[in-house]
Amino acid sequence: MNTANVYGWGENKGRTEEIIGNWFAQGGDRRDKVVLATKVYGNMAADGDAWPNHDKLSAVNIRRAVDASLKRLQTDHIDVYQFHHVDRATPFEEIWQAIDTLITQGKILYVGSSNFPGYKIAQANEIAARRGGTIGLVSEQCLYNLAERRAEMEVIPAAQEYGLGVIPWSPLHGGLLGGVIKKEVEGGRRASGRAADSLANTTIRAQIQAYEDLLDKHGVEPGETALAWLLTRPGVTGPIVGPRTAEQLASAVRATELELSEELLAGLDEVFPGPGPSPEAFAW
């Protein structure tokens, strides 16, 4: 179960943690049956003005943010506490000092990163190793899907090198990989947001049409294929899904059982070619 302290945004920031906390409070060993992950970084000041230590990764903000999240989540510990973004102003020595204290107190168990470049993953874990006894990052949550594969150059190799599990967010790229053109033609829900903006580009629209045509040929569903493809990728632990309906949840579950043929995988690479390994991708 993945969330962040700022989710809900604006005047509702913190609301998603509260919803999860209310669900936990219904009992039935609900808390013990989930791996709970939340994030720290965003500005949680009530008036929206971020003074020092109201956001990012200072030791003071981390300490305050954990206590506030635990209260909203109605639990005594967070399984994976994630740094939502890079904080260029706070040294990792300070960050790890705060994290070590929270682990000792039993408030968090493990720490992950989100939206970190490869060099920051390396820096964070090298400094953790030098401290001795500091676990370091155990996961990286990054933007990664068929249409956005830049993470393959540096982020995923760094995660693999340091033993981090990769947790892709936006696995359907804002719905773009969920059969948007087919739904338009059939009179279903039209694309919106990022997907609509992307389809306005004729080159991208042609690429998505080629993707959907390829999947029609193989008799598989777009959304399930996009999720199943991620599960074939080295280093990926599991994508983050955000279903709106019971059918979307069932579709995501079916993706875990979908086996993609070598022919289909090759076809997907033709439609969405990756950047290639680093440094070859940019050096020659």
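Keep in mind the model is a prediction, meaning the values are calculated, not measured.

A few words now on the overall build of the chain. The secondary structure content of the chain amounts to twelve helices and five strands. Computed over C-alpha atoms, the radius of gyration of the chain comes to 20 Å, within 12% of the 19 Å expected from 2.2 N^0.38 for 284 residues, which places it in the range of a compact globule. Summarising its shape, the C-alpha atoms of the chain cover approximately 55 × 50 × 35 Å along the three principal directions. For the chain, with 284 residues in total, the buried portion stands at 44%. When contacts within the chain are restricted to residue pairs at least 6 apart in sequence, long-range pairs at least 24 apart make up 74% of them. A total accessible area of about 14500 Å² is found for the chain, and carbon and sulfur atoms account for 52% of it. The chain carries 28 positive and 37 negative side-chain charges, and their two centres are separated by 6 Å.

Under the defined criterion, the tally for this structure stands at 13 salt bridges. Its salt-bridge partner being Glu152, residue Arg149 comes within 2.9 Å of it at the nearest N-O pair. Glu152 gets classed as buried once you look at its relative accessible area, which sits at 16%. In this structure, Arg233 and Glu152 form a salt bridge, with 3.7 Å as the shortest nitrogen-oxygen distance.

Moving on, we come to the sheet that holds strand 4 (residues 137-143). Strands sit in the order 1-2-3-4-5 across an open sheet of five strands; the sheet is parallel. Each end of this open sheet is capped by a strand with a single partner; those strands are strand 1 (37-40) and strand 5 (165-169). For this sheet, the mean inter-axis angle between neighbouring strands, taken without regard to orientation, is 30 degrees. Sheet topology note: the strand 4/strand 5 ladder contains five bridges and is parallel. Counted as the bridge partner of Ser139 is Gly165 from strand 5.

This structure, assessed with the given rule, holds one cavity of 30 Å³ or more. Taken together, Trp96, Ile99, Asp100, Ile103, Val111, Thr134, Ile135 and Gly136 form the lining of the largest cavity. Top contributing element to the lining of the largest cavity by residue count: helix 3 (residues 92-105), with four residues. Each residue belonging to the lining of the largest cavity can be placed in one class, and the counts come to five nonpolar, two polar and one charged.

Another point: a nonpolar patch on the surface. On the surface, a nonpolar cluster with roughly 270 Å² of combined accessible area is contributed by Leu109, Tyr110 and Ile135. Within the element layout of this structure, Tyr110 appears in strand 3 (residues 108-114). Accessibility expressed as a relative area gives 42% for Tyr110, which makes it partly exposed.

Scoring rules and cut-offs
Sequence order sets the numbering: in each chain, residues are counted from 1 along the sequence as written. Local features in this predicted model are restricted to residues of pLDDT 70 or higher, and side-chain atom pairs are both shown and tallied only at a pLDDT of 80 or more, whereas totals for entire chains, interfaces and linings draw on every residue. Just so you know, side-chain values use all the structure's heavy atoms and leave hydrogens and water out. Every helix listed is a DSSP run of H or I at least four residues long, and every strand listed is a run of E at least two residues long, numbered separately from the N terminus. For this measure, only C-alpha atoms enter the radius of gyration; the expected value for a globule follows 2.2 Å times N^0.38, where N is the number of residues. Classification of residues uses two cut-offs on accessible area relative to the type maximum, computed with a 1.4 Å probe and protein chains only: under 20% is buried, over 50% is exposed, and between them is partly exposed. What makes two residues a contact is simply this: any of their non-hydrogen atoms within 4.5 Å. Accessible surface area values rest on a Shrake-Rupley calculation with a 1.4 Å probe, where residue burial reflects the displayed protein chains alone. Just so you know, the count uses Lys and Arg for positive and Asp and Glu for negative, and it drops His and the chain ends. For the purpose of locating charges, the reference atoms are NZ of Lys, CZ of Arg, CG of Asp and CD of Glu. Salt bridges, as used here, are contacts in which a Lys or Arg side-chain nitrogen is within 4 Å of a carboxyl oxygen on Asp or Glu. What makes two strands pair is DSSP finding at least two bridges between them. Angles shown run from 0 to 180 degrees and are taken between the N-to-C directions of axes, each axis being a line fitted to C-alpha atoms and, for helices, limited to the stretch in contact. Think of a 1 Å grid over the protein atoms and nothing else: a 1.4 Å probe that fits but is trapped marks a cavity, an open set flanked by protein within 12 Å on at least five of seven lines marks a pocket, and residues with an atom within 4 Å of a point count as lining. Grid points are joined across faces, edges and corners, and a volume is the space filled by probe spheres set on the points. When residue character is reported, Ala, Val, Leu, Ile, Met, Phe, Trp, Tyr, Cys and Pro are called nonpolar, Asp, Glu, Lys and Arg charged, and the others, Gly included, polar. Here the term patch refers to residues with relative accessible area over 30% and no salt bridge, with like charges joined within 9 Å and nonpolar side chains (Val, Leu, Ile, Met, Phe, Trp, Tyr) within 5 Å.

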